[in-house]
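Observations on the model geometry
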Amino acid sequence: MSLSSVETAAPALPASERVDRIRAAAYRIRHHALNMGEVQGQGYVGQALGAADMFAAVYGDQLTYRAEDPHWEGRDRFLLSTGHYAIGHYAALAEAGIVPVDELETYGSDDSRLPMSGMSTYTPGMEISGGSLGHGLTIAVGMALGLRAQGSTSRVINFLSDGELDEGSTWEAAMGAHHHQLGNLIAMVDINALQADGATNSVLRTEPVTEKWESFGWYTQRVDGNDVGALLAAFDNIAPVSGPVGRPSVILCDTKVGRGVPLLETREKAHFMRIEEHEWQTCREQLTAGFEGTASA
């Protein structure tokens with residue numbers, strides 16, 4: 001079962017049912033990502049697995065959208081600043097019914113609408129092209145300003161990575177968002193402690209991250225990004241303080257690269273993974289065993 005097409009955020013459910021629903025969606029997103037990765041034999045699979053709970057919480061519980069009309073003016077905007085996470089985003093778009101599931105098998109192929117790095121000109125539901133890191137939050141600020149000027153109640157949710165916190169443009173945008181009191185802007189930061197050049201803290205130490213965002217005037221929460229319940233609670237906490245005018249909000253999400261697949265969780269050089277042909281089925285079996293074990297616990 002995929003996430004339903006909605007024009008309002010998901011209806012209120014008992015807490016346990018709500019969490020179970022999003023966990024199941026995250027499992028399917030991970031499964032889709034593995035299937036897509038197998039098409040190329042490599043890719044940014046580890047990030048997709050690590051961020052699957054974040055994607056599921058956004059598309060399954062938060063966004064207002066119409067699957068059949070990705071350009072509907074009343075939609076919330078989800079901006080993928082980290083274009084190389086596109087494999088995870090495509091899986092979420094398929095769960096949302098915006099991209100057909102059977103189209104996922106074209107991932108990264110010639111003439112596909114699903115290139116390896118996200119391109120807004122190709123893919124339905126992809127709001128921006130996010131290949132060069134550090135641009136997403138600046139675009140999100142302008143978009144949130146524009147929506148407010150139009151009298152829209154739509155929100156902008158910007159997904160970015162801890163590696164993007166190395167970029168000065170990110171912090172300029174953070175200052176701008178607070179200055180303009182963009183209460184319709186939410187940032188989600190995937191803190192997986194890894195980037196192309198190595199461990200994040202060895203490339204440029206950005207901690208204490210929570211205190212930094214708070215000092216920039218943002219309503220700041222830090223959670224386990226692989227804990228669906230914690231993610232949903234963080235969004236619930238934002239609801240009373242959000243609006244066209246107010247403090248922008250950020251959810252800092254600590255995640256694990258390769259989450260859900262033990263074979264990949266401990267793999268070295270995990271930023272861009274090469275996975276052997278015989279390993280893909282093992283990855284799927286480990287993913288399913290872990291999900292079923294959690295569901296039955």
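Shown above is the structure to which this text applies.
Residues numbered from 1 in each chain as written. Predicted model: local features only at pLDDT ≥ 70, side-chain atom pairs only at ≥ 80, totals over all residues. Heavy atoms only, no water.

Here we look at the layout of surface pockets
Here the largest pocket defines a volume of roughly 460 Å³. Taken together, 17 residues line the largest pocket, and the ones lying closest to its centre are Arg23, Arg30, Gly290, Phe291 and Thr294. Breaking the lining of the largest pocket down by element, the ones donating at least two residues are helix 1 (15-40) and helix 10 (280-296). If one sorts the elements of the lining of the largest pocket by residue count, helix 1 sits on top with six residues. Across the lining of the largest pocket, the residue classes tally to seven nonpolar, four polar and six charged. (1 Å grid on protein atoms, 1.4 Å probe; cavity = no way out; pocket = protein on both sides within 12 Å on 5 of 7 lines; lining within 4 Å. Points joined across faces, edges and corners; volume = space filled by probe spheres on them. Helix = DSSP H or I, 4+ residues; strand = E, 2+ residues; numbered from the N terminus. Nonpolar A, V, L, I, M, F, W, Y, C, P; charged D, E, K, R; others polar.)

Quick look at the sheet that holds strand 2 (residues 77-80)
One open sheet holds the five strands; their spatial order is 2-3-4-8-7, and the pairing between them is parallel. Among the strands making up the open sheet, the edge pair consists of strand 2 and strand 7 (219-224). Direction aside, the axes of adjacent strands within the sheet are offset by 20° on average. Where strand 7 meets strand 8 (residues 249-254), six bridges bridge the pair, whose relative direction is parallel. (Pairing = 2+ DSSP bridges. Axes fitted to C-alpha atoms, helices over the stretch in contact; angles between N-to-C directions.)

What to know about empty space enclosed by the protein
A complete count under the given rule lists two cavities of 30 Å³ or more for this structure. The volume enclosed by the largest cavity comes to roughly 90 Å³. Contributing to the lining of the largest cavity are 13 residues, with Tyr65, Arg75, Ile98, Gly125 and Glu127 lying nearest its centre. Tallied by class, residues from the lining of the largest cavity come to seven nonpolar, one polar and five charged.

Describing the environment of His179
Note that His179 resides in helix 5 (residues 168-179). On a C-alpha basis, the gap between His179 and Pro248 in space is 9.7 Å, while along the polypeptide they are 69 residues apart.

As for unusual backbone geometry
Geometrically, the link from Glu207 to Pro208 is a cis peptide bond, its omega value of 5° lying close to zero. Within the fold, Pro208 resides in the loop between helix 6 (200-203) and helix 7 (209-215). Residues other than glycine seldom take positive phi values, yet Asp111 does so here, at roughly 70°. Among the structural elements, Asp111 can be located in the loop between helix 3 (86-95) and helix 4 (136-149). Residue classification places Asp111 among the exposed positions, given a relative accessible area of 82%. In this model, Gln181 sits at a positive phi of 55°, which is unusual for a non-glycine residue. Considering the arrangement of structural elements, one finds Gln181 in the loop between helix 5 and strand 4 (185-191). (Buried < 20%, exposed > 50% of the residue type's maximum accessible area, 1.4 Å probe, protein only.)

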